[in-house]
Every structure is written in C-alpha cells, then in structure tokens.
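Residue-level structural notes
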Amino acid sequence: MWLQKYLPNRSKLKRYRVLSILGDIIFEPNLWHMNRYSVSHGVLIGSICCFLPMPFQMLPCAVLCAHRKCNIPIAIAIVWISNPVTMAPMMYFAYRVGAWLTGSETDLGNIELSFHWLGLSLAEIWQALILGCLICGLSMGLTGFMLVRIYWRVKINRYQTSRRLRRKKTN
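Time to look at the nonpolar core. It is characteristic of soluble globular proteins that their nonpolar side chains tend to be buried jointly. Phe 51, Met 91, Ala 94, Tyr 95, Leu 129, Cys 133 and Cys 136 are the most contacted members of the largest nonpolar core, which has 13 residues in total. Looking at this core, the elements that each hand over two or more residues are helix H5 (87-102) and helix H6 (115-170). Excluding residues that lie within four positions of it along the chain, Ala 94 makes contacts with Phe 51, Ala 128, Gly 132, Cys 133 and Cys 136. Grouped together as the second largest cluster of nonpolar side chains are 11 residues, Ile 45, Cys 49, Ile 72 and Ala 75 included.

Here it is as structure tokens:
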C-alpha cells in the first residue's frame, strides 16, 4: 500500500528508548501492518475516539488499538480530524444530535470562551453532549469501517481479475 512507505518499520521503532517503556505490546505486527482487519478496525476506533470530548484523545485510541490489535497509525490519523480548529464545531454538532435525541434543547445563550461559562454550560448539557458524541463517533466509525471493507474487497477483486487475464494471455 502506498501509505506503508511513510510508516516506520519495527526495527526502526525498537531503536527509540521512549517506546521501550511499553514493552513488546507496541511491536505487535498487526498494530503496524496494513491489512483489511487492522485498517478497518483502526478507522472504527479512531473515529470513535475522534468524538471523545476530552483532551489527549490519542491515548485511549492507542490503548484500544493495542487491545484490539489494529493499526495504530491509521487510528491516530483519524483522531487528528478533531484538532483545535475542528473540535468546537464537532462538539457543537454532537451536542445538537444528543439534544435532538433526548429532546432536551438547552439555550446556550451567548457563547463565551471562558472556563466559568464552560463549567456552567457543561452542567446543563453534558448528557446530550456525551450521547451525541457516542452516536456521531459510532456512526462515523461504522461508516468508515464499512467503506474500508468495501474498498478492500473491490481492490482484491480487481487484482484477481487482472491476474486471471494475465494467466489467460500467457496460456
């Protein structure tokens, strides 16, 4: 796969002392290989963690990837969709989805960028926000999961068809 040439290999990763803290778990082959299982599950986990309303979303993402033995770089790349620029619109959308599902529309009034306003508002909207984040993360994750699986199947079918055609030409 074209992306694999940009990813570090295991021998290169073993040279980093920082990663030795994690032991041999980090060197599990499926955490770095590009196969249908590890990439599709990496997209699923990365999408779910992308909508977590917390800082450092990469940590639970990496732990879940290590537990499920799926592709860490793909999952982390998906988590980076939520960055300081996109986090506020994503959380607002997730809140709106959660508020629509629970039927608990709360008027946010004038939005202020202060911890005081954030603390007061979170006390009122946290349930709708959490529900919306879970729904958005799961729906994005399952959509990505299915798209990766379909894409992989199409690529395999095309490869097998071209291989059969090459065999027919040589015979």
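Right, let's talk about the packing of helix H3 (residues 58-68) against helix H4 (residues 72-79) for a bit. Where H3 meets H4, the closest approach of the two axes is 10 Å, and the angle between their N-to-C directions is 155 degrees. In this view, H3 runs roughly antiparallel relative to H4, as classed from their interaxial angle. The interaxial crossing formed by H3 with H4 has right-handed handedness. Across the interface between the two elements, Met 58, Cys 61, Ala 62 and Cys 65 of H3 pack against Ile 72, Ala 75, Ile 76 and Val 79 of H4. Looking at the contact of H3 with H4, its residues break down into 8 nonpolar, no polar and no charged.

A separate point is the state of the cysteines. In the structure shown here, the tally under the stated rule is 0 disulfides. This cysteine, Cys 49, is not joined by any disulfide, and Cys 61 carries the nearest cysteine sulfur, 4.5 Å off. The buried category is assigned to Cys 49, whose relative accessible area is 1%. For the unlinked cysteine Cys 133, the closest cysteine sulfur is that of Cys 136, found at 6.9 Å. Since its relative accessible area comes to 4%, Cys 133 is described here as buried.

Basis of the calculations
- Residues numbered from 1 in each chain as written.
- Predicted model: local features only at pLDDT ≥ 70, side-chain atom pairs only at ≥ 80, totals over all residues.
- Heavy atoms only, no water.
- Core = buried A, V, L, I, M, F, W, Y, C linked by side-chain atoms within 4.5 Å.
- Buried < 20%, exposed > 50% of the residue type's maximum accessible area, 1.4 Å probe, protein only.
- Helix = DSSP H or I, 4+ residues; strand = E, 2+ residues; numbered from the N terminus.
- Contact = heavy atoms within 4.5 Å.
- Axes fitted to C-alpha atoms, helices over the stretch in contact; angles between N-to-C directions.
- Parallel < 35°, antiparallel > 145°, perpendicular 65-115°, else oblique.
- Left-handed = near helix turned anticlockwise from the far one by under 90°.
- Nonpolar A, V, L, I, M, F, W, Y, C, P; charged D, E, K, R; others polar.
- Disulfide = S-S within 2.5 Å.

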